[in-house]
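Structural overview
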Amino acid sequence: MNYAWAGATHLGRVRTNNEDAFEPTADGVSSGPVVLAVADGMGGHVAGEVASRLAIDAAMSAKGSARERILAGNDRVVEAVVADPSLAGMGTTLTLVVLGADGELDLAHIGDSRAYQLRAGDLLQITSDHTLVAELVAEGRLDPKEVRAHPQRNLLTRVIGMGKQIEVEEFSDSAHDGDRLLLCSDGLSAMVDDPEIAELLAAATPEEAVWTLVEAANRAGGEDNVTVIVVDVTA
Ligand code: MG
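All values derive from a computational prediction rather than experimental measurement.

Turning to the coordination of the magnesium ion, a few remarks are in order. Note on metal geometry: ideal angles are 109.5 degrees for four donors arranged tetrahedrally and 90 or 180 degrees for six donors arranged octahedrally. Taken together, Asp 40 (OD), Asp 186 (OD) and Asp 224 (OD) make up the full set of protein donors to the magnesium ion, lying 2.1 to 2.2 Å away. All donors to the magnesium ion come from one chain, and their sequence spacing reads D-x145-D-x37-D. With Asp 40 in strand β4 (residues 34–42) and Asp 186 in helix α4 (residues 186–189), the pair connects residues that are 146 residues apart, well separated along the chain. Exposure class is identical for Asp 40 and Asp 186. Each is buried.

This part covers the packing of helix α1 (residues 47–61) against helix α2 (residues 66–83). Packing of α1 against α2 leaves a shortest axis separation of 7 Å and a crossing angle of 140°. Compared by their axis directions, α1 and α2 come out oblique. Seen along the crossing, α1 lies across α2 with a hand that is right-handed. Counted together, Ala 51, Leu 54, Ala 55, Ala 58, Ala 59, Met 60 and Ser 61 of α1 and Arg 69, Ala 72, Gly 73, Arg 76, Val 77 and Ala 80 of α2 form the full contact between these two elements. Here the residues of the contact of α1 with α2 are counted per class, giving 9 nonpolar, 2 polar and 2 charged.

Once that is clear, we can look at α1. Counted at 1.5 Å a residue, the expected span for α1 with its 15 residues is 21 Å, and the 21 Å between its end C-alpha atoms agrees. Taken together, the buried positions of α1 are Ala 47, Gly 48, Ala 51, Ser 52, Ala 55, Ile 56, Ala 58 and Ala 59. Down the axis of α1, the sector holding all buried residues measures 165°, keeping them to one side. Buried-residue contacts for α1 involve β2 (20–23), β4, α2, β5 (91–92) and β6 (94–99).

As enumerated under the stated definition, the model contains 11 salt bridges in all. Salt-bridge contacts for Arg 180 lead to Asp 232; the nearest nitrogen and oxygen are separated by 2.6 Å. Taken together, the positions of Arg 180 in strand β11 (residues 180–184) and Asp 232 in strand β12 (residues 226–234) put the pair 52 residues apart, joining distant regions of the chain. Classification of Asp 232 by relative accessible area gives buried; the value is 17%. Sharing partners across several salt bridges, the network here consists of Glu 23, Arg 53 and Asp 57.

As a further point, take the packing of helix α5 (residues 194–201) against helix α6 (residues 206–219). Put simply, α5 and α6 touch, their axes get as near as 9 Å, and they point 145° apart. For the crossing formed where α5 meets α6, the hand is right-handed. Across from Glu 196, Ile 197, Leu 200 and Leu 201 in α5, the residues of α6 making contact are Ala 209, Thr 212, Leu 213, Ala 216 and Arg 219. Class assignment of the residues belonging to the contact of α5 with α6 gives a composition of 6 nonpolar, 1 polar and 2 charged.

As a further point, take the pairing of strand β7 (residues 104–110). A regular strand places its side chains so that they alternate between the two faces of the sheet. Of all the 7 residues making up β7, 5 are buried; the element is thus mostly covered by neighbouring parts of the structure. Counting the residues that bridge the hairpin from β6 to β7 gives 4 residues, and of these Gly 103 lies at a positive phi of roughly 90°. Note: β7 against strand β10 (residues 169–174), 6 bridges, orientation antiparallel. The partner of Ala 108 across the bridge, within β10, is Glu 170.

Rules used in this analysis
- Residues numbered from 1 in each chain as written.
- Predicted model: local features only at pLDDT ≥ 70, side-chain atom pairs only at ≥ 80, totals over all residues.
- Heavy atoms only, no water.
- Donors = N, O, S within 2.8 Å, 3.2 Å for Na, K, Ca; no water.
- Helix = DSSP H or I, 4+ residues; strand = E, 2+ residues; numbered from the N terminus.
- Buried < 20%, exposed > 50% of the residue type's maximum accessible area, 1.4 Å probe, protein only.
- Axes fitted to C-alpha atoms, helices over the stretch in contact; angles between N-to-C directions.
- Parallel < 35°, antiparallel > 145°, perpendicular 65-115°, else oblique.
- Left-handed = near helix turned anticlockwise from the far one by under 90°.
- Contact = heavy atoms within 4.5 Å.
- Nonpolar A, V, L, I, M, F, W, Y, C, P; charged D, E, K, R; others polar.
- Expected span 1.5 Å × (residues − 1).
- Arc of directions from axis to C-beta.
- Salt bridge = Lys/Arg side-chain N within 4 Å of Asp/Glu carboxyl O.
- Pairing = 2+ DSSP bridges.

Structure representation (structure tokens):
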């Protein structure tokens, strides 16, 4: 398989620092394997930036499956808090995909960043949001239309850095010729709804799609840092 990707992060229009991180930061092409990841940190002062950077660096340099890489990211964040208690409470989302030479798609995920797959014109969110509101919606206790205004919409139920034991969500698939993948932080998905994401994701190249999506998030208010990676799959 051949993979061509582009990525970008933007501060947005409200925040004063960017707590998101992503890799690889350079656009590129590869026949695989290739590892791509988005992290969205949280914590007081600079701790959010520290958490997302530590987790993503550990995950990218780890060996093995997407799940093993996420666990390495978690270990690194937990160890950093032990070493420097002023960082206590920091955490990060981490959504990571390993794309193999034969099209194997191995994804692992914690938090409310997202992965989507655009296949034959259909957009599918392949991660679930580890948030209180997503759980309430899944249980039929909250109308999806009420999520955006919910006072606890940002409350995460799973996050890197919470403790030594974390429950990692996993997804595996075979990438198809013509697939396009999107990894993003909630700075995109909270500002732009899925039908519009699908429309904008259909831009000509990964680079054009990335910037079209970032601009859409900012046009909608840019209330959070926004990070987007788009990957094209060709046989
Ligand atoms: Mg965010």
